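Architecture and fold: a report
Chain residues, written in single-letter form:
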Amino acid sequence: MISRVSIAALAAAGVMLSSASAQAADLGGDCCADLEERVATLEATTARKGNRKVSLTIYGQVNHALMAWDNGRDSDAYIVDNDNSSSRFGFKGKAKINSDWSAGYKIEIEVESASSVSVDENQDDGQGTPALRKSFLYIKSKTFGKLSLGQNSVATDDLSHDTQTSGTSKFVQPDIRYGRDFNLINTAGGNVGTEWGQLCGAAVADGDQCFDIGGRQDSVRYDTPSIAGFKLSAAWGENDYWDVAARYKGKFDQFKIGAGVGYSVWDGQDAGALAEETSFVASASIMHTPTGLFVNGAYRNNEVDFGATSQEMDAYYVQVGVKQKWNSLGATTIWADYMNAQDGLLTGEDRNQLFGGNVATSSEYDRFGFGVAQNIDAAKMQLYVIYQHNEAEIETVAGAVDGIEDFDVVVAGGIIRF
């Protein structure tokens, strides 16, 4: 039998529920006014897209490192932004036109407080100004391919890196990214009159780069759809630049394979001093997936016509290593590499500016290195340690430049992506 106290309690609860329902249904009540005020505040403080038809994605990465160096005369350690894969943020998006066609855009800003390619033995600040990496729009068809317009990578840009199966291009590249602006020093402590980067000194096409021949510039670029792993690209840019490239990535049984070739022409860039610069680059990569063993290689020929004379550079790169998940954090990658560039100094605009006005007649650059990188999957992060040893030989009209000191660099840092 239900007591009078229980009946009274139930009645009181019913009255409270009825009152709460009435207040919730009263759209003019204080609770709704407060809710509307909170919604208005959120709308005023939240970043919004300009429209609902085009998507917006914000992305980026931060890559900082401690770079310790020894040029044979001095040594020091700098905190740098790693230009091998620089700190940056960007915006990208796309809109679907129909089942075959879409359109999109990308804007990417590089932010480096002290670039690893700009610091030298005299200053540790380097390049600190934000720079526009990319700003282009595109229209894309699943059937006909993709056409892009604006500041973008040309067809040959990053060819030797895009085709790698190991992913090590995030940490180390064939090009000189660590200590590029440091001067060569001889045993007497003097300045030879050139920088390490100039030993791969292309005259105009992304100068001081051994393999990255095209770079980014205002251009029109076309990419075919991927067909059985193959993709063709072509670009035409400002100042009569054009290039073509072919890339391939695929799998065969237990092997991952990547390869690419590219050719570029930069014509009449330098008002009489330079007539034409042509480059050919090729790359190949293979990984045995069960063991993680891999080999990467690249080759570049660069020919520069200065009008009365022409010069050529040949550069070679090989890297061997292993990538395996030996711990719960993520994959670990260990590698060793070697790079050689012959007569790269002769193809640069500074080839005749050695100390004392001496003129170079040949040059050879050798780099040996090794490193280890550890993925931390839970944080979308990678930690790395890299060592590189650089050597150079230069011949001039007055004879060999004696006693050029070797240059050693150790880089330890991390990349985190968002």
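You'll find the structure just up there.
Reference entry: report on the structure contained in this document.

It is worth spelling out the pattern of salt bridges at this point. A complete count under the given rule lists 10 salt bridges for this structure. A salt bridge links Glu-108 to Arg-133; the nearest nitrogen and oxygen atoms lie 2.6 Å apart. Taken together, the residues span a long stretch of sequence, with Glu-108 in strand 4 (residues 101-110) and Arg-133 in strand 5 (residues 131-141) at a distance of 25 residues. Judged by relative accessible area, Glu-108 falls into the buried class, the value being 5%. Owing to a relative accessible area of 8%, Arg-133 belongs among the buried residues under this scheme. Among the salt bridges present, the one from Arg-367 reaches Asp-337, with a minimum N-O distance of 3.7 Å. Here the residue Arg-367 occupies a position in strand 17 (residues 360-376), and Asp-337 occupies one in strand 16 (residues 330-342), the gap between them amounting to 30 residues. Just as Arg-367 is buried, Asp-337 falls in that class too. Because the salt bridges share partners, they merge into one network encompassing Arg-88, Glu-108, Glu-110 and Arg-133.

All right, on to the packing of aromatic side chains then. Counted according to the given criterion, the structure contains 16 aromatic pairs. A centroid spacing of 5.9 Å and a plane angle of 45 degrees characterise the contact between Phe-171 and Tyr-384, whose relative ring orientation is tilted. Taken together, the residues Phe-171 in the loop between helix 3 (159-162) and strand 7 (183-185) and Tyr-384 in strand 18 (residues 381-396) connect sequence positions 213 residues apart. Its relative accessible area of 2% is what places Phe-171 among the buried residues. Taken together through their ring pairs, the aromatic side chains of Trp-69, Tyr-78, Phe-182, Trp-196, Tyr-365 and Phe-407 make up a single cluster. Geometry around Tyr-59 places Lys-92 over its ring, the cationic atom sitting 5.2 Å from the centre.

The residue Asp-124 is located in the loop between strand 4 and strand 5 in this model. Accessibility expressed as a relative area gives 39% for Asp-124, which makes it partly exposed. In this structure the C-alpha to C-alpha distance between Asp-124 and Val-80, which are 44 residues apart in sequence, comes to 8.1 Å. Every residue in contact with Asp-124, bar those within four places of it in the chain, is listed here: Tyr-78, Ala-114 and Val-119.

The grouping of Lys-94, Lys-96, Lys-140, Lys-142 and Lys-231 at the surface amounts to a positive patch. Along the polypeptide, Lys-142 turns up in the loop between strand 5 and strand 6 (145-153).

The subject of this paragraph is unusual backbone geometry. The backbone of Ala-228 sits at a positive phi, close to 55 degrees, despite the residue not being glycine. Inspection of the secondary structure assignment puts Ala-228 in the loop between strand 9 (216-223) and strand 10 (230-237). The backbone of Asp-343 shows a phi angle near 65 degrees, a positive value even though the residue is not glycine. Within the element layout of this structure, Asp-343 appears in the loop between strand 16 and strand 17. For Asp-343, a relative accessible area of 24% translates into the label partly exposed.

With that out of the way, let us pick up the pairing of strand 5. Here 10 bridges tie strand 4 to strand 5, and the two strands are oriented antiparallel to one another. Looking at strand 5, one finds that Glu-108 is bridged to Lys-134. Both strand 5 and strand 6 contribute to a ladder of 7 bridges, which runs antiparallel. Bridge pairing links Ser-141 to Gly-145 in strand 6. Linking strand 5 to strand 6, which pair antiparallel, is a turn of 3 residues.

The subject of this paragraph is the side chain of Arg-88. Topologically, Arg-88 is positioned in strand 3 (residues 88-96). With relative accessibility at 17%, the residue Arg-88 sits in the buried group. Polar side-chain contacts of Arg-88 include one of 3.1 Å to the backbone oxygen of Ser-86. Non-local contacts of Arg-88, meaning those with residues more than four positions away in its chain, are made with Gly-60, Gln-61, Glu-108, Ile-109, Glu-110, Val-111, Arg-133 and Phe-418.

Cut-offs applied
Residues numbered from 1 in each chain as written. Predicted model: local features only at pLDDT ≥ 70, side-chain atom pairs only at ≥ 80, totals over all residues. Heavy atoms only, no water. Salt bridge = Lys/Arg side-chain N within 4 Å of Asp/Glu carboxyl O. Helix = DSSP H or I, 4+ residues; strand = E, 2+ residues; numbered from the N terminus. Buried < 20%, exposed > 50% of the residue type's maximum accessible area, 1.4 Å probe, protein only. Phe/Tyr/Trp six-rings, centres within 6.5 Å; stacked < 30°, edge-to-face > 60°. Lys NZ or Arg CZ within 6 Å of the ring centre and 35° of its normal. Contact = heavy atoms within 4.5 Å. Patch = residues over 30% accessible without salt bridge, like charges linked within 9 Å, V, L, I, M, F, W, Y side chains within 5 Å. Areas by Shrake-Rupley, 256 points an atom, 1.4 Å probe, with all protein chains shown as cover. Lys, Arg positive; Asp, Glu negative; His and termini not counted. Charge placed at Lys NZ, Arg CZ, Asp CG, Glu CD. Pairing = 2+ DSSP bridges. Polar contact = N/O pair within 3.5 Å; in protein donor to acceptor, adjacent residues only side chain to side chain.

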